[in-house]
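Summary of the model geometry
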Amino acid sequence: MNRDLTMELDDTICSRCFCKDQKFLHNHWDGTKGHKICTSCVLFANPNSFCPTCFDIIAGTEELIECVGCKSNTHVGCVPDKDKPSLFVCLTCKSPKRLVFDIKLKELKGTKVMDKEAALLLLTAATIVKKLISKALDEAVNAAAKHAADTISVKKKASEAVERFMKLEDRPSLLDPSPETSRETGRLQRLSL
């Protein structure tokens with residue numbers, strides 16, 4: 001297949017669900033490599049990153065209730081009191097189509113705009129991807145700093161070894177046939193007898 005055509009297809013097909021002609025593909029980082037995936041796949045792949053009721057990003061400080069189905073977390077304040085049993089099922093498990101990104105353009109003052117639900121899904125997915133990429137960047141920076149520190153340490157040890165070797169070079173070698181070395185070799189031979 002032509003490389004240009006392949007690159008063009010990569011920009012329009014989700015690498016997770018293979019849906020075609022996506023208007024928005026996110027550069028999703030899975031911890032080892034990046035993938036271009038659609039908004040719905042970002043949301044389905046990261047259920048613990050957002051509240052499936054209000055679509056706010058989970059900050060980690062709020063009180064949450066876990067879904068028994070998908071193990072996602074919902075803000076306790078987003079769950080009506082009647083729906084707070086010990087076996088809570090989130091809105092995504094009740095209606096998975098809520099996370100399907102489907103743009104419905106509306107006319108507003110002569111301009112076509114995205115509907116509010118689709119915009120909310122797009123914003124949530126983009127925020128999740130931004131957090132994942134920022135985390136990967138931080139990890140890469142830390143790994144590079146550690147690698148640089150290790151390299152400096154190894155270079156220092158190598159320099160010290162070279163210096164020790166150079167000091168040894170200044171001494172007469174036992175293999176050197178000079179008169180001083182011959183005396184030392186003879187003395188060592190007599191001691192070994």
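First, a word on what this report is: a plain description of the structure on this page. (Residues numbered from 1 in each chain as written. Predicted model: local features only at pLDDT ≥ 70, side-chain atom pairs only at ≥ 80, totals over all residues. Heavy atoms only, no water.)

Points about the overall build of the chain
Across its full length, the chain holds five helices and six strands. The order of helices and strands in the chain, counted from the N terminus, is α-β-β-α-β-β-α-β-β-α-α. Out of the 193 residues in the chain, the part that is buried amounts to 21%. Long-range pairs, those at least 24 residues apart, make up 36% of the contacts in the chain between residues at least 6 apart in sequence. As displayed, the chain has an accessible area near 14,100 Å², and 59% of this comes from carbon and sulfur atoms. (Helix = DSSP H or I, 4+ residues; strand = E, 2+ residues; numbered from the N terminus. Buried < 20%, exposed > 50% of the residue type's maximum accessible area, 1.4 Å probe, protein only. Contact = heavy atoms within 4.5 Å. Areas by Shrake-Rupley, 256 points an atom, 1.4 Å probe, with all protein chains shown as cover.)

Comments concerning the pattern of salt bridges
Taken as a whole and assessed by the stated rule, the structure comprises one salt bridge. Between Asp 150 and Lys 146 there is a salt bridge whose closest N-O contact spans 3.0 Å. Note that Asp 150 and Lys 146 are positioned in helix α4 (residues 116–170) at a spacing of four residues, about one turn of the helix. (Salt bridge = Lys/Arg side-chain N within 4 Å of Asp/Glu carboxyl O.)

Section: the nonpolar core
For soluble globular proteins, the rule of thumb is that nonpolar side chains tend to be buried together. Ranked by size, the top nonpolar core spans 16 residues in total, and within it Val 42, Leu 43, Phe 50, Leu 99 and Leu 121 carry the most contacts. The set of elements that each furnish at least two residues to this core consists of β2 (34–38), α2 (39–45) and α4. No other element matches the six residues that α4 contributes to this core. Apart from the residues lying within four places of it in its own chain, the contact partners of Val 42 are His 26, His 28, Ile 37, Ala 125, Ile 128 and Val 129. Counting six residues, the second largest nonpolar core, distinct from the first, contains Cys 67, Val 79, Phe 88 and Cys 90. (Core = buried A, V, L, I, M, F, W, Y, C linked by side-chain atoms within 4.5 Å.)

Overview of a nonpolar patch on the surface
Side chains of Val 68, Leu 87 and Val 89 sit close together on the surface and give an oily, nonpolar patch of about 240 Å² of accessible area. Note on placement: Val 68 falls in the loop between β3 (64–66) and β4 (73–75). (Patch = residues over 30% accessible without salt bridge, like charges linked within 9 Å, V, L, I, M, F, W, Y side chains within 5 Å.)

Some words on the pairing of strand β1 (residues 25–29)
Residues His 26 and His 28 of β1 are buried on one face, while the alternating residues Leu 25, Asn 27 and Trp 29, pointing to the opposite face, are not. Where β1 meets β2, five bridges bridge the pair, whose relative direction is antiparallel. Residue pairing in the sheet places Leu 25 in a bridge with Cys 38 of β2. From the end of β1 to the start of β2, which pair antiparallel, there are four residues, and Gly 31 there has a positive phi angle of about 105°. (Pairing = 2+ DSSP bridges.)

Let's talk about unusual backbone geometry
The phi angle of most residues is negative, glycine excepted, and most peptide bonds adopt the trans form. Not every positive phi belongs to a glycine, and Phe 55 is a case in point at roughly 65°. The residue Phe 55 is located in the loop between α2 and β3 in this model. Of note in this structure, Lys 71 is not a glycine but carries a positive phi near 65°. Along the chain, Lys 71 turns up in the loop between β3 and β4. Of the residues examined, Lys 71 reaches a relative accessible area of 44% and is grouped as partly exposed.

A short note on the side chain of Thr 92
Relative to the elements of secondary structure, Thr 92 occurs in helix α3 (residues 91–94). Those residues in contact with Thr 92, other than ones at most four positions away along the chain, are Phe 44, Pro 52, Arg 98 and Leu 99.

A closer look at the packing of aromatic side chains
Under the counting rule described, the total for this entry stands at one aromatic pair. Here Phe 50 and Phe 55 contribute two aromatic rings whose centre-to-centre distance is 5.9 Å and whose plane-to-plane angle is 10°, an arrangement assigned as stacked. (Phe/Tyr/Trp six-rings, centres within 6.5 Å; stacked < 30°, edge-to-face > 60°.)

Some thoughts on the state of the cysteines
Covalent bonding between the sulfur atoms of two cysteines is what defines a disulfide. Under the criterion given, the structure shown has zero disulfides. Left unpaired, Cys 38 is separated from the closest cysteine sulfur, that of Cys 41, by 3.5 Å. Residue Cys 38 is classed as buried on the basis of its relative accessible area of 3%. We note that Cys 93 lacks a disulfide partner, and the nearest cysteine sulfur, in Cys 67, lies 3.6 Å from it. Residue Cys 93 is classed as partly exposed on the basis of its relative accessible area of 33%. (Disulfide = S-S within 2.5 Å.)

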